[in-house]
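# Notes for the structure review
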Amino acid sequence: MRYGIFSDIHSNLEAFDAALEVYKKEGIERYLCLGDIVSYGPDPSQCIQIVRELKAKVIAGNHEWGVCAKSKLEDFTALAQEALVWTKKALRDDERNFLDALPLVYEEENFILVHGSLDSPADFYYLDNAEDADTSLAVLKKQVCFVGHTHRPGVFVERDEELFFKPLKVLELEDNKRYIVNVGSIGQPRDRDCRACVVIYDTDSKTIELKRVEYDFRRTQEKILKSGLPESLAWRLAEGR
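What comes next concerns the included structure. (Residues numbered from 1 in each chain as written. Predicted model: local features only at pLDDT ≥ 70, side-chain atom pairs only at ≥ 80, totals over all residues. Heavy atoms only, no water.)

All right, on to unusual backbone geometry then. Even without a glycine there, the phi angle at aspartate 36 is positive, about 55 degrees. Topologically, aspartate 36 is positioned in the loop between β2 (30-33) and α2 (44-53). Notably, lysine 55 is not glycine yet its phi reads approximately 55 degrees, a positive angle. With respect to the helices, strands and loops of the structure, lysine 55 is situated in the loop between α2 and β3 (57-58). Overall, the relative accessible area of 74% leaves lysine 55 in the exposed class. (Helix = DSSP H or I, 4+ residues; strand = E, 2+ residues; numbered from the N terminus. Buried < 20%, exposed > 50% of the residue type's maximum accessible area, 1.4 Å probe, protein only.)

See below:
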């Protein structure tokens, strides 16, 4: 099985379209979305529609919870609060209902999906250090846990009593190891690389591969500036932060 795995689209239609062009060439059989389809960007409805057309398995991110009032606005930065208020007004009732029904966790035989951390999915904290990775590994019953949220791709690897972090490029899974794989972000990477993150998980070859995809971020910037969203949401796209 070849899975296309992605996270944090953040209403960036141009980045999402570019990522899907890559997926189409890769023979993807199933799609998995790790949340934060919406907010920050100018095209939430279109991105929701595409995710639904893909028949992707989708879990909720903190911005889905923000839009659906499952999290308090005060839990977000001032910038995110503005984006959430704008997004909520832009969505139809059926789109909000779709987001509201998303689960926090999804699992299959050999992997599990969560937006932030496996040990406390509803808290949406950033899993970006070894201590937090170890806490999630303590409750991990599968070989692989896929996460998003930080917008920075990479992988924590556990072998025996050792735990280390490495960049995600082409990862070959080994039976005596467990992994927490951050798939990065489609629509708003924050690792100083503005290209969209596209991850492919091949269960036959036991590999997880990250591809970086260029897209027309200037078009997205123009749409943000015209939409009334905060201008800084446009400028950050070019900087990958």
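Moving on, we get to the environment of alanine 56. Position of alanine 56 among the secondary structure elements: in the loop between α2 and β3. C-alpha separation for the pair alanine 56 and glycine 4, spaced 52 residues apart in sequence, amounts to 9.2 Å. Ignoring any residue separated from it by four or fewer positions in sequence, one finds alanine 56 in contact with Tyr31 and Val51. (Contact = heavy atoms within 4.5 Å.)

Let's shift gears to the side chain of glutamate 108. Checked against the element boundaries, glutamate 108 lands in the loop between β4 (105-107) and β5 (111-114). On the basis of relative accessible area, glutamate 108 is assigned to the buried category, the value being 16%. Polar contacts involving the side chain of glutamate 108 include one to the side chain of tyrosine 106, which spans 2.4 Å. (Polar contact = N/O pair within 3.5 Å; in protein donor to acceptor, adjacent residues only side chain to side chain.)

Grouped together as the largest cluster of nonpolar side chains are 47 residues, with contacts concentrated most on Phe6, Ile9, Phe16, Ile37 and Leu99. It is helix α1 (residues 13-25) that provides the largest number of residues to this core, a total of eight residues. Look past the residues within four positions of phenylalanine 6 in its chain and what remains in contact with it is Phe16, Tyr23, Tyr31, Leu32, Cys33, Leu34, Val51, Leu54, Val183 and Ile186. Ile5, Tyr179, Val181 and Leu210 belong to the second largest nonpolar core, which has 23 residues in total. (Core = buried A, V, L, I, M, F, W, Y, C linked by side-chain atoms within 4.5 Å.)

As a further point, take helix α6 (residues 130-137). For α6, the full list of buried residues reads Asp132, Ala133, Ser136 and Leu137. Seen along its axis, α6 keeps its buried residues to an arc of 140 degrees; they face one direction. Taken together, the buried residues of α6 touch β7 (154-159), β8 (162-166) and β10 (177-182). N-capping of α6 is provided by asparagine 129, with a side-chain oxygen placed 3.1 Å from the backbone N of glutamate 131. (Arc of directions from axis to C-beta.)

As far as function goes, none of this settles anything; it's purely spatial.
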